[in-house]
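Working through the structure, step by step
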Amino acid sequence: MFSIEQLIDFMEEEFGVAVESNEVGEETVLLYHEELDEQIISEDVLQILPNPVLFHTYIYIEKSEWIIGIALEAKTNNPFYLFCLKDGERVYQKLLNEGECKNDYTT
């Protein structure tokens with residue numbers, strides 16, 4: 001899974017945002033495809049995700065609200081997809097394969 005330390009490194013490297021670990025909220029939920037927001041998960045990505053899919057999300061609020069989510073296979077915690085929202089807009093997405101980049105769809 002994506003640890004707090006990895007989140008801090010990711011946000012610094014990708015967006016130049018210094019994240020304080022004690023200011024990060026997180027939650028994990030199990031969702032079925034019909035429950036997923038089409039603005040966050042495109043139809044192409046939805047086709048590769050298991051149903052249901054486990055979403056682990058981190059929330060960090062500084063000047064902007066950041067939501068970083070990782071879609072995981074529920075039984076194995078194998079990561080499939082990483083996305084990042086800034087103030088509700090998708091600013092980053094990447095397909096993952098056992099923690100490695102399969103395709104980069106950075107926007």
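First, a word on what this report is: a plain description of the structure on this page.

Conventions used here
- Residues numbered from 1 in each chain as written.
- Predicted model: local features only at pLDDT ≥ 70, side-chain atom pairs only at ≥ 80, totals over all residues.
- Heavy atoms only, no water.
- Core = buried A, V, L, I, M, F, W, Y, C linked by side-chain atoms within 4.5 Å.
- Buried < 20%, exposed > 50% of the residue type's maximum accessible area, 1.4 Å probe, protein only.
- Helix = DSSP H or I, 4+ residues; strand = E, 2+ residues; numbered from the N terminus.
- Contact = heavy atoms within 4.5 Å.
- Expected span 1.5 Å × (residues − 1).
- Arc of directions from axis to C-beta.
- 1 Å grid on protein atoms, 1.4 Å probe; cavity = no way out; pocket = protein on both sides within 12 Å on 5 of 7 lines; lining within 4 Å.
- Points joined across faces, edges and corners; volume = space filled by probe spheres on them.
- Nonpolar A, V, L, I, M, F, W, Y, C, P; charged D, E, K, R; others polar.
- Phe/Tyr/Trp six-rings, centres within 6.5 Å; stacked < 30°, edge-to-face > 60°.
- Patch = residues over 30% accessible without salt bridge, like charges linked within 9 Å, V, L, I, M, F, W, Y side chains within 5 Å.
- Areas by Shrake-Rupley, 256 points an atom, 1.4 Å probe, with all protein chains shown as cover.
- Salt bridge = Lys/Arg side-chain N within 4 Å of Asp/Glu carboxyl O.
- Lys, Arg positive; Asp, Glu negative; His and termini not counted.
- Charge placed at Lys NZ, Arg CZ, Asp CG, Glu CD.

Quick notes on the nonpolar core
In this structure, Met11, Tyr58 and Ile68 are the most contacted members of the largest nonpolar core, which totals 19 residues. Elements represented by at least two residues in this core include exactly helix H1 (4-15), strand S2 (53-61), strand S3 (65-73), strand S4 (79-86) and strand S5 (89-97). If near-sequence neighbours (up to four positions away) are discounted, Met11 is found in contact with Gly16, Val17, Val19, Trp66, Ile68 and Cys84.

Here's the deal with the side chain of Thr57
Here Thr57 is to be found in strand S2. Judged by relative accessible area, Thr57 falls into the buried class, the value being 13%. In contact with Thr57, other than residues within four places in its own chain, are Gly25, Glu26, Glu27, Ile67, Ile68 and Gly69.

Quick look at H1
The end-to-end C-alpha distance of H1 is 16 Å, a good match for the 16 Å that twelve residues give at a rise of 1.5 Å each. Residues Ile4, Leu7, Phe10 and Met11 constitute the buried set of H1. For H1, the angular spread of buried residues about the axis comes to 115°, placing them on one side. Residues Glu5 and Glu13 are exposed on H1 and point more than 90 degrees away from its buried face. Remark: Gly16 follows H1 within two positions and exhibits a positive phi of approximately 70°.

Quick look at the layout of surface pockets
The computed volume of the second largest pocket comes to approximately 210 Å³. If you trace the second largest pocket, you find it lined by Glu27, Val29, Leu31, Glu35, Leu36, Asp37, Ile40, Ile41, Phe55, Thr57, Ile67 and Phe83. Here the element with the most residues in the lining of the second largest pocket is strand S1 (residues 24-31); it accounts for three residues. The class makeup of the residues in the lining of the second largest pocket is eight nonpolar, one polar and three charged.

Regarding the packing of aromatic side chains
Within the structure shown, the criterion is met by six aromatic pairs. Consider the rings of Phe15 and Tyr92, whose centres lie 6.4 Å apart with planes at 80°: the pair is edge-to-face. Of this pair, Phe15 sits in helix H1 while Tyr92 is found in strand S5, placing the two residues 77 residues apart along the sequence. Put simply, the rings of Phe10, Phe15, Trp66 and Tyr92 pair up and form one aromatic cluster.

What to know about a negative patch on the surface
On the surface, Glu5, Asp9, Glu12, Glu13 and Glu14 cluster together into a patch of negative charge. Turning to its location among the elements, Glu13 is positioned in helix H1. For Glu13, a relative accessible area of 70% corresponds to the exposed category.

Focus on unusual backbone geometry
Of note, the bond from Asn51 into Pro52 is cis; its omega dihedral lies within 30 degrees of zero at 10°. Checked against the element boundaries, Pro52 lands in the loop between helix H2 (43-48) and S2. Despite not being glycine, Asn77 has its phi angle at roughly 65°, a positive value. Relative to the elements of secondary structure, Asn77 occurs in the loop between S3 and S4. What makes Asn77 partly exposed here is its relative accessible area of 33%. Even without being glycine, Asp87 reaches a positive phi, approximately 50°. Structurally, Asp87 is set in the loop between S4 and S5. We classify Asp87 as partly exposed; its relative accessible area is 47%.

Geometry only, nothing functional implied.
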